[in-house]
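Coordinate inspection notes
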Amino acid sequence: MSAEDSHAWRGGKRSSREDTVNILTSSVEAMRESLSRSEASRDLERSFIHAMMEYLPDNIYFKDAQSRFLLISRAMARRFEIEEPSDAIGKTDANFFTREHAEQALRDERELMRTGDPVVGLEEKETWADGHVSWVSTTKMCLRDRDGKVIGTFGISRDITEKKHAEEAMRQAKIAAEEANKAKSDFLANMSHEIRTPMNGIIGMADILLHTKIDSEQREYINLLRHSADSLLSLINDILDFSKIEAGKFELDAHDFNLRDALSETLQTLAIRAAAKGLELACHIPPEVPDRLHGDIGRLRQIIINLVGNAIKFTEEGEIVVSVTVEPESGKDALALRFAVADTGIGIRKDKLDLIFESFSQGDSSTTRRFGGTGLGLTISRQLVKLMGGDIGITSELGRGSTFHFTTTLAPGTPLPEDHSAPRSLRDLHTLIVDDNATNRTILDEMLKNWGLRPVLAASGREALDILRKCQAENDPVQLVITDMMMPEMDGLEFLRELRADPECGPPRALMLSSAGQNAEPAELQLLGITRSLAKPAKQSDLLDAIGETIGTSSGDTSPANDLPLPVPATRPLRILLAEDGRVNQVVAVNLLERRGHTVIVANNGREALELAGRQTFDAILMDIQMPEVNGYEATAAIRAREAETGEHIPIIAMTANAMKGDREQCLGAGMDDYISKPVRSEELYSIVEAATGTGPSAKERTSESRRSTLEKDIFDPEYFHATIGDPGLMRELVEIFFEDVPPLMERIRIGLESANLVDTHEAAHSLKGLVGNFGAEAARRATTSLDVAARNSHLTLARSLHPALIEAIDHLGQHLRDYTEAVDASSTA
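1. Some details on the nonpolar core
L259, V308, F339 and F406 are the most contacted members of the largest nonpolar core, which has 41 residues in total. Looking at this core, the element that brings in the most residues is helix 10 (residues 297-313), giving eight residues. The residues contacting L259, other than those within four sequence positions of it, are I285, V289, P290, D291, L293, L300, V324, L337 and F339.

2. Some remarks on the packing of aromatic side chains
Counting across every chain of the model gives ten aromatic pairs. Plain terms: the ring middles of F69 and F80 are 5.6 Å apart, the flat faces sit at 65° to each other, and that makes the pair edge-to-face. Of this pair, F69 sits in strand 2 (residues 69-72) while F80 is found in helix 4 (residues 74-80), placing the two residues eleven residues apart along the sequence. Judged by relative accessible area, which is 1%, F69 ranks as buried. A relative accessible area of 7% places F80 in the buried class. Taking the centre distance of 6.2 Å and the plane angle of 80° together, the rings of F80 and F97 count as edge-to-face. Placement of the pair is F80 in helix 4 and F97 in the loop between helix 4 and helix 5 (99-115), with a sequence separation of 17 residues. Following the ring pairs from residue to residue traces out a cluster consisting of Y61, F69, F80, F96, F97 and W128. The ring centre of Y61 lies 5.2 Å from the NZ or CZ of K63, which sits over that ring. Across from the ring centre of W135, 4.5 Å away, lies the NZ or CZ of K164, which sits over that ring.

3. Looking at helix 26 (residues 758-772)
Taking 1.5 Å of rise per residue, the 15 residues of helix 26 would be expected to cover 21 Å, and the 21 Å separating its terminal C-alpha atoms lies within 8% of that figure. Residues of helix 26 that are buried: L758, T761, A764, A765, L768, L771 and V772. Seen along its axis, helix 26 keeps its buried residues to an arc of 140°; they face one direction.

4. Details of helix 5
If you check helix 5, its first and last C-alpha atoms are 24 Å apart, about what 17 residues at 1.5 Å a residue would give, namely 24 Å. On its buried face, helix 5 is in contact with strand 1 (59-64), strand 3 (119-127), strand 4 (133-144) and strand 5 (150-159). G116 sits one or two residues past helix 5 and shows a positive phi near 80°.

5. Focus: the confidence of the model for the chain
Scored by pLDDT, the chain comes out at a mean of 78, with 79% of its residues at no less than 70. Element-level pLDDT for the chain is lowest in helix 1 (residues 3-10), with a mean of 38, against a maximum mean of 94 in strand 14 (residues 454-458). Counting contacts from residues 554-566, a segment whose pLDDT is below 50, to residues more than four positions away or on other chains yields 25 contacts.

Cut-offs applied
- Once a new chain begins, its residue numbering starts again from 1 and follows that chain's sequence as written.
- In keeping with the model being predicted, local features are shown solely for residues with a pLDDT of at least 70 and side-chain atom pairs are shown and tallied solely at 80 or more, while totals for entire chains, interfaces and linings include all residues.
- Water and hydrogen atoms play no part in the side-chain values, which are based on all heavy atoms of the structure.
- By nonpolar core we mean a set of buried residues, namely Ala, Val, Leu, Ile, Met, Phe, Trp, Tyr and Cys, connected to one another through side-chain atoms within 4.5 Å.
- Exposed residues in this analysis have more than 50% of their type's maximum accessible area, buried residues have under 20%, and partly exposed residues fall in between, with area computed by a 1.4 Å probe over protein chains only.
- Strands are runs of DSSP state E lasting at least 2 residues, helices are runs of H or I lasting at least 4, and numbering of each runs from the N terminus.
- Any two residues whose heavy atoms approach within 4.5 Å are treated as being in contact.
- Any Phe, Tyr or Trp ring, taking Trp's six-membered ring, that has another such ring centre within 6.5 Å forms a pair; planes under 30 degrees apart are called stacked, those over 60 apart edge-to-face, and the others tilted.
- A positively charged side chain is recorded as over a ring if its NZ (Lys) or CZ (Arg) lies within 6 Å of the ring centre. The angle to the ring normal must also be within 35 degrees.
- Expected span of a helix: the number of residues minus one, times 1.5 Å.
- Note that the arc is computed from the directions linking the helix axis to the C-beta atoms.
- Known as pLDDT, the predictor's per-residue confidence is scaled from 0 to 100.

Next up, the structure:
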């Protein structure tokens, strides 16, 4: 051994397992050859073996053919807790380990000597006689004499107990995390159901109320209620989306929207809180800011709600102004907008500004006790702004207020055909704006000038009366007065009383703007000649419409303001079975469907639904999922089982408060035809129910040309095929691929269902789904999707019951493709 090697061993340096095995193998070879060498060589080999057995940190042993120890290393002696390695000679594993372990080791070594195959890197559990357990990574080989005869075994092992403990701890942690995630998922699913059930009542009843005879003010409040409920529902959806929570991500959902109306609606949901503290809440969007934009208005609203809600919390008097401006770097296709929320609140110390966007942080720890809150709102806002490609910041002065500002880039929206500009009859309309708040006066002045009106401003009722008298005397009378309700010294009502009593002021028309919850009695407003009263901050479109109505020229819809049209009757009244155990949900669904002209029979649970569906005929079933006695999945499975014998099929639509990711697919996989989540909205309900039932015609009428055309497009849509593929050569190739690939896929599905091999069934159905999707074949796509989902979720009985419908859909598609090919060939040769 070299001095360097000896020093490494003595210093406790750990060789790799491969190096040690190589050394050990070489040593054994050297032992064989030592008998034929000189005495000096044999002495050198003995020294080498001795050093190796004394100083290597790994466990090394040699055993005879009866698995008795011939030689062990000092490291292994320490492991056996014996003083000298020689104390192990003649002993076996039974002297140190449990009987079970020793017997297994003996069997392994006999197998090794029989086959001669080395065992390398085996992780082995050791159960000791005193009961403790350890793990080693071991390599074992045959010990042979110089003639190659197996005379025993030898091996080397390294303790990996700590590694195995770490792996077990990791495994247990993974199990605990999975259990925690499942518990969280179950909790979120239950919470979703519990929250959505009362939300269905709120939104549904508001929807019903909107279709009754109500006045404009009541309609405004109900629409505000609907908007608030929708905002809450949107927030619930974000919280309950499990994948977003786990990934810490939010998905953007871009749509066209009107910026001014969207922000005004958002602020109106906060107006009552602001009014309760006597705060002015205003929104300033200059004319140069485009109104029609494309982006995620839901996320934008969420940021504004967080920032304005924060401002209301920390502002005791004064105002909160939301403003939007266009940044210089804006382009034609990308508008960089700067949003700002300025308040006159308590402000934030400079040394706390860097912490304000941290989770669970507030500008001063004492504010948590005084104002409440978790401090998460600003953190969420920062994440949303970052997701939208912008930045967020703050400027603040202690005792003077704060301005939160953020930027985002939005695309221009598609212009709407309707014109929201002011009618010509309102151009140059002499208008007096009365408001004690300078910001509100500036905003209204800018807005009216942009519409072509001719505004004049007054900061109080007294000043307004003087202006009215002066204009009347100069033969330029004010034609319209827009006054605030809450003003010091002389409020809006008192001002209007004096105006009506003073002939020198003229008889102008009047509009009232009031903070939320501070409206006067309608009768008093009528006596004062007030035709419309709007809540601040008023939507620009509402204000323009109100001005038009007050003057006698409407800028928008001229239909009566106090009535919404009743729902358009369905093409054919349907007989619908509603399986729902919630009383409120029953009232909402029955009312909406009956308004559409349908007849609704209510089942209070799944058992009643099964009984009614067995005795009576229905065009469709609306099926709740969570019901007592028999749930929606069980009821659907029973109905589909009956239909497998009769060949009938009734559309079943899931109507459930379960709105977690994957719930829709689970419902479709359970044999339902469609899915609608609570809270139910009338338009969506009508659309889904009537689409599932063929939008109206009776069974006899379905042979009509229009129905036949619809059914044929459901089987194969040539227009879709042409639009998506376009190239005639590729279209023909896809048809040929269909006839080549579909038969073996259908055969795989048949065999998979017969042999209960749902994995193969799922794979074949999934491939088939992608293939039929090229042809706009909705019927085949629905059939393959349903069977695919059923197979993927291990619903064998359901998958088998769906197989006949798949065969029929594929056969129909194949026939239509043959007809299509023949027609194309005929036209090309003509």
